[in-house]
Number of protein chains: 2
Amino acid sequence: MNNIDTIIEHAEQNCKSHGSRLTTKRKQVLSLLVQTSKALSAYDLIDLFVKENGEKIPAMSVYRILDFLEAEHLVHKLKLANKYIACSHITCKHEHGVPQFLICSVCNAVKEITVNKSTINELNQSVEQAGFKLVSPQLEINCICNDCLTTAV
Amino acid sequence: MNNIDTIIEHAEQNCKSHGSRLTTKRKQVLSLLVQTSKALSAYDLIDLFVKENGEKIPAMSVYRILDFLEAEHLVHKLKLANKYIACSHITCKHEHGVPQFLICSVCNAVKEITVNKSTINELNQSVEQAGFKLVSPQLEINCICNDCLTTAV
DNA sequence: AACGTAAATGATATGTTGTAACATCTCTAT
DNA sequence: ATAGAGATGTTACAACATATCATTTACGTT
């Protein structure tokens, strides 16, 4: 069976349940993100869209669609890289705790890891003591993956 | 006495000691960063430069100067925001442990906080288990400061 | 089924950020 | 004084993002 279709259908139901519409274009964009499971920039998506669907899509549309998908919690925007990635909880149900993104600054690979809740709590305490508030407990951490580390030398 | 001049002079000695030159333009840019003590984008600096010095500076020059200052460890580049900030250890001598930057996503205020070494170690362990390596233990954390939090409502 | 409205998308222009490539200037050592 | 390296200037352009207005589509009402 086709896993991606299942995911998309699930997402569609989710949208419908609170009165928003996962239109064809939105499905197509989401589908690209789910399939690649890598972080893609808006312009990456524009190129991929043409390749996969044989028709152009304006930049404006992609940005609007990404905003929509983000508002629906179907994709995350990685601010560190200005890239977008399918939200992990649409591809797998069980809860992982607090997800954190490791982004390889060389090859843009993205890995989602779980960090102890206590670690996050400690971090959060330090932040609040400083008079700031975490926008989300989801950190984007600038890393180098082992592959790039070994080949770079 | 003028604190900023002292800082700049100190930085200049530092450069001289290993054969690099803190030229007038570089001093001017560094000086802007030290004075504002906020995170500024390259184009923020271009505007500020005109305002403060009454002469234009090309974008290219600012980027080159920022690269230089970063290599000299006089400024940090905040990758999350694509902004630059004067390195704290040129304005204050004593070591703080592992510095972390909190960046207000509304007003761009930057606060440097200290997080328990143990917290960082735990984070680092999780990262290494995932086959990644922290580029630097210096995190850039996306926050909202209390000022913006209260006024936004 | 036809219509009106709101939402979604398209199209165009332009703003913003960053860099490539080459020219010119300016120190510094000889 | 002059050559060579390093620093800066200039121009053009690539990549990323949004503003604005036009057009199309979906959906409830009649």
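Residues numbered from 1 in each chain as written. Chains lettered and ligands numbered in written order. Predicted model: local features only at pLDDT ≥ 70, side-chain atom pairs only at ≥ 80, totals over all residues. Heavy atoms only, no water.

K.L.:
Help me understand the protein's contact with DNA strand C in this model?
P.N.:
What surrounds DNA strand C is the set Arg-21, Thr-23, Lys-25, Arg-26, Pro-58, Met-60, Ser-61 and Arg-64 of chain A together with Tyr-43, Met-60, Tyr-63 and Asn-82 of chain B. Considering the 4 Å shell around the protein, atoms of DNA strand C inside it are sugar or phosphate in 51% of instances. Here a base nitrogen of DNA strand C sits 2.7 Å away from a polar atom, N or O, in the side chain of Arg-64 of chain A. Asn-82 of chain B is positioned such that a nitrogen or oxygen atom in its side chain is 3.0 Å from a phosphate oxygen of DNA strand C. Elements with a minimum of two residues in the surface near DNA strand C: helix H2 (24-36) and helix H4 (59-71) of chain A together with helix H4 (59-71) of chain B. Considering each element in turn, the surface near DNA strand C owes the most residues, three residues, to H4 of chain A. (Near = heavy atom within 4 Å. Polar contact = N/O pair within 3.5 Å; in protein donor to acceptor, adjacent residues only side chain to side chain. Helix = DSSP H or I, 4+ residues; strand = E, 2+ residues; numbered from the N terminus.)

K.L.:
Help me out: how do you make sense of the interface of chain B and chain A in this one?
P.N.:
Facing 33 residues of chain B, the contacting portion of chain A comprises 33 residues. Summing the contributions of chain B and of chain A, the shared interface buries around 2700 Å²; its carbon and sulfur component is 69%. Looking at the side of chain B facing chain A, the largest losses of area belong to Phe-132, Val-135 and Asn-142 of chain B, adding up to 20% of the total buried there. For the pair chain B and chain A, the interface holds zero salt bridges. On inspection of chain B and its partner chain A, the count reaches six residue pairs in polar contact (both at pLDDT 80 or more). Looking at the side of chain B that touches chain A, the elements with two or more residues in it are strand E3 (99-104), strand E4 (110-114), helix H6 (117-129), strand E5 (132-134), strand E6 (140-145) and helix H7 (146-152) of chain B. Classifying every residue of the side of chain B that touches chain A by side-chain character gives 19 nonpolar, nine polar and five charged. (Contact = heavy atoms within 4.5 Å. Buried area = accessible area lost by both parts, 1.4 Å probe. Salt bridge = Lys/Arg side-chain N within 4 Å of Asp/Glu carboxyl O. Nonpolar A, V, L, I, M, F, W, Y, C, P; charged D, E, K, R; others polar.)

K.L.:
How should the protein's contact with DNA strand D be read in this particular structure?
P.N.:
Among the 13 residues in the neighbourhood of DNA strand D, the closest are listed as Tyr-63 of chain A together with Thr-23, Lys-25, Ser-61 and Arg-64 of chain B. Sugar and phosphate atoms constitute 57% of the interface atoms of DNA strand D, taking the interface as everything within 4 Å of the protein. Sorting the residues of the surface near DNA strand D by element identifies H4 of chain A together with helix H2 (24-36) and H4 of chain B as the ones contributing at least two each. Element by element, the count of residues in the surface near DNA strand D is highest for H4 of chain B, at three residues.

K.L.:
Got a minute to help me understand the pattern of salt bridges in this structure?
P.N.:
Oppositely charged side chains can form a pair if their charged atoms are brought close together. Residues and elements named next belong to chain A. For the structure on display, the rule yields six salt bridges over all chains. Among the ionic pairs, Glu-55 bridges to Lys-25, the shortest N-O distance being 3.8 Å. Of this pair, Glu-55 sits in the loop between helix H3 (42-53) and H4 while Lys-25 sits in helix H2; the two residues are 30 residues apart in sequence, bridging distant segments of the chain. Judged by relative accessible area, which is 36%, Glu-55 ranks as partly exposed. Among the salt bridges present, the one from Lys-133 reaches Glu-128, with a minimum N-O distance of 3.7 Å. (Buried < 20%, exposed > 50% of the residue type's maximum accessible area, 1.4 Å probe, protein only.)

K.L.:
I'm lost on the nonpolar core in this one. Help?
P.N.:
Burial of nonpolar side chains together is a common tendency in soluble globular proteins. Residues Leu-102 and Ile-141 of chain A together with Leu-102 and Ile-141 of chain B are the most contacted members of the largest nonpolar core, which totals 30 residues. Not counting chain neighbours up to four residues away, the residues in contact with Leu-102 of chain A comprise Ala-109, Val-110, Lys-111, Ile-113, Ile-141 and Cys-143 of chain A together with Val-127, Ala-130 and Phe-132 of chain B. (Core = buried A, V, L, I, M, F, W, Y, C linked by side-chain atoms within 4.5 Å.)

K.L.:
So what exactly am I meant to see when it comes to the UniProt feature "binding site: Zn(2+)" (unreviewed entry) in chain A here?
P.N.:
When the UniProt feature table is mapped onto this chain numbering, "binding site: Zn(2+)" (unreviewed entry) sits at Cys-104, Cys-107, Cys-145 and Cys-148 of chain A. Beyond its immediate sequence surroundings of up to four residues, Cys-104 of chain A is in contact with Ala-109, Cys-143, Ile-144, Cys-145 and Cys-148 of chain A together with Phe-132 of chain B. Along the polypeptide, Cys-148 of chain A turns up in helix H7 (residues 146-152). A residue is classified by how much of its surface remains accessible, and Cys-148 of chain A, at 10% relative accessible area, is buried. (UniProt positions renumbered as here; feature names shortened; annotations may be inferred.)

K.L.:
I'm lost on H6 of chain B in this one. Help?
P.N.:
Each turn of an α-helix holds 3.6 residues, which means side chains three or four residues apart point in the same direction. Residue and element names in this part refer to chain B. In a regular helix each residue adds 1.5 Å, so 13 residues correspond to 18 Å; H6 covers 18 Å between its end C-alpha atoms and thus fits that length. Considered for burial, the residues of H6 that qualify are Thr-119, Ile-120, Leu-123, Ser-126 and Val-127. Down the axis of H6, the buried side of the element spans an arc of 120°, and every buried residue falls inside it. Exposed side of H6, more than 90 degrees from the buried face: Lys-117, Gln-125 and Gln-129 are the residues found there. In the segment just after H6, Gly-131 is the residue with positive phi, at about 80°. (Expected span 1.5 Å × (residues − 1). Arc of directions from axis to C-beta.)

K.L.:
Where do I start with the packing of aromatic side chains in this structure?
P.N.:
In this description, an aromatic ring pair is defined by two values, namely the gap between the centres and the angle between the planes. Residue and element names in this part refer to chain A. By the definition in use, this model includes two aromatic pairs over all chains. Between Tyr-43 and Tyr-63 the ring centres are 6.3 Å apart and the planes differ by 65°, which places this aromatic pair in the edge-to-face class. Taken as a pair, Tyr-43 in helix H3 and Tyr-63 in helix H4 lie far apart in primary sequence, 20 residues in all. Exposure remark for Tyr-63: the relative accessible area of 31% places this residue in the partly exposed category. Sitting over the ring of Phe-68, Arg-26 keeps its end group 3.6 Å from the ring centre. (Phe/Tyr/Trp six-rings, centres within 6.5 Å; stacked < 30°, edge-to-face > 60°. Lys NZ or Arg CZ within 6 Å of the ring centre and 35° of its normal.)

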